[in-house]
Structure formats: structure tokens, C-alpha cells
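One-letter residues, chain by chain:
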Amino acid sequence: MDANYELVIGNKNYSSWSLRPWLVLKMAGIPFGETQVFLKQPDTAAEIARHSPAGKVPVLKHGNLTVWDSLAIIEYLADAHPDKDIWPEDRNTRAIARAVSAEMHSGFSALRREFAMDFVNKRSFPAASEAVRRDITRIVALWIECRRCFGSDGDRGFLFGRRFSAADAMFAPVVSRFVSYAIDLPAFGDDGVAARYCDMMMDLPAMREWGEGARAEWNDGVRIEI
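Residues numbered from 1 in each chain as written. Predicted model: local features only at pLDDT ≥ 70, side-chain atom pairs only at ≥ 80, totals over all residues. Heavy atoms only, no water.

Chemist: Would you mind showing me how to read the layout of surface pockets here?
Modeler: By rolling a water-sized probe across the atoms, one finds the places where empty space is left. Estimates place the volume of the largest pocket at around 530 Å³. A per-class count over the lining of the largest pocket returns 11 nonpolar, 4 polar and 5 charged. Approximately 190 Å³ is the volume found for the second largest pocket. Forming the boundary of the second largest pocket are Asp85, Trp87, Pro88, Glu89, Asp90, Thr93, Phe160, Arg162, Arg163, Phe164 and Ser165. Classifying every residue of the lining of the second largest pocket gives 4 nonpolar, 2 polar and 5 charged. (1 Å grid on protein atoms, 1.4 Å probe; cavity = no way out; pocket = protein on both sides within 12 Å on 5 of 7 lines; lining within 4 Å. Points joined across faces, edges and corners; volume = space filled by probe spheres on them. Nonpolar A, V, L, I, M, F, W, Y, C, P; charged D, E, K, R; others polar.)

Chemist: Looking at this structure, how should I read the sheet that holds strand S2 (residues 32-36)?
Modeler: Pairing between the strands of a sheet is mediated by backbone hydrogen bonds and can be parallel or antiparallel. The strand order S2-S1-S3-S4 describes an open sheet built from 4 strands, whose pairing is mixed. Only two strands of the sheet have a single neighbouring strand rather than two, namely S2 and strand S4 (65-68). Recorded for the sheet is a direction-independent mean angle of 20° between the axes of neighbouring strands. Of the pairings in the sheet, the one linking strand S3 (residues 59-62) to S4 comprises 4 bridges and is antiparallel in character. Following the sheet pairing, His62 is matched in S4 by Leu65. Against the sheet, helix H3 (residues 70-80) engages strand S1 (5-9), S3 and S4, with an angle of about 130° to S4. (Pairing = 2+ DSSP bridges. Helix = DSSP H or I, 4+ residues; strand = E, 2+ residues; numbered from the N terminus. Axes fitted to C-alpha atoms, helices over the stretch in contact; angles between N-to-C directions. Contact = heavy atoms within 4.5 Å.)

Chemist: Looking at this structure, how should I read the side chain of Ser16?
Modeler: Of note, Ser16 is situated in helix H1 (residues 16-28). For Ser16, a relative accessible area of 7% gives the class buried. Those residues in contact with Ser16 that lie beyond four places of it in its chain are Met117, Pro173 and Arg177. (Buried < 20%, exposed > 50% of the residue type's maximum accessible area, 1.4 Å probe, protein only.)

Chemist: How should I be thinking about the side chain of Asp118 in this particular structure?
Modeler: With respect to the element layout, Asp118 can be found in the loop between helix H5 (109-114) and helix H6 (130-150). Taking the relative accessible area as the measure of exposure, Asp118 reaches 2% and is therefore buried. Within the structure, the side chain of Asp118 is placed 2.7 Å from the side chain of Arg123, a separation counted as a polar contact. Those residues in contact with Asp118 that lie beyond four places of it in its chain are Asn13, Tyr14, Arg123, Ser180 and Ile226. (Polar contact = N/O pair within 3.5 Å; in protein donor to acceptor, adjacent residues only side chain to side chain.)

And the structure:
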């Protein structure tokens, strides 16, 4: 299939939604072009409107087709490239991977609101609200359960076993938050599984590449208040 894709993203330091489909494309080895629109600038709305009337990033453009929303983009890529195993191959495993991804997509609003993604900088972990603490506890429990049910000692440590999947991409921004804010995961029920998962994810070449882009933005003075 022609993979002449263009992915429109926001700031790499801050745009958690942009990271998800970008990471899927990178990890699947699907070629794509990248267009960046910096957020919270005077011309941001006009620039995004050039690519999508939805007014948000990310946006995937493929020929005459425009797909918006990170999860919709990932689903489109999975349909277009079934050989890339973007979702787990087994139907039941795939159903759980989609369920945890949908929970990430629609939930954890307190964590998003109080601990915005800041990929480059290390921040202190302030007194979190009870809602944030519930979000973190649930995420840690999800990761532990996924690894218990679908992982093994010999795999690379992804949520659904030996292969990276869309579920890992959906949780990648949370991984970065846990690292940036130095969140004490054992305090939220982690017995080492979640911490190892964060370390593994942050060490992926694609995640390191995203981080290099985020640092370049920061060094160039592209910064917004969060």
C-alpha cells in the first residue's frame, strides 16, 4: 500500500496526543512526513485549520483523506497495514488491548489536568489531589495486570508481550509524566513492574528520538506555560 503519509503534530515537549500516532508510525517502520504546528501561538488556530477543521492535532493526511484524533489515526494505520501487528494478533488479547487503550483515551482526566506532559524537564511531584492518586493507582494496576496476563520473563516488557502495540503508544505520554514528575510508583501499588515498564519505554529509540526533538524545541525557546 502507498504509505505517503503526513502527520501533523504539536510541540513534542507538550503534545501528548501527537506522540501516540507518531510512535506507532515509528515503531511500525511506516514512512511518513512530519508537519509541526506549535501550540498556544497567535497563529496556532489558523495553522491547524489549514490541515483539519477539527481544530486539534494530531492529524493524519493520506492522499485526499484526513483523519483526526490519535486513536482513530492508529486504527486507520492498523487497517491499512495489517502486516505490522499494530494491535495484538490474538482476538481476545486484541480486545483487551483496545479496552485499556480506550480507557486511556477517555479517562484519567485529573492526571492530564494536574500533571501536563513536559517531556524534557524534571519537575517535583506536588501534593496530588485524590482524583490524581486514583488515576495513578488505576494505571499502575492496569500495567501490572497486562504484564501478568500477557507478558513473560523472556519478552521485552511491553504491555502485551514481546511486541510493541498500540496500547503501549497510548500509554507513552503517561510514562513520560511518571518520569518527569518522579512519581513514587511503589506508593501506588507498584511492585517493580510499572517502574521497569517506564524504563523500557523511555529507552526505546523512537522515544529517545521524540525526546531529542522536544529538547531541541526547548533549547530554541519554544516554550509554553503548563
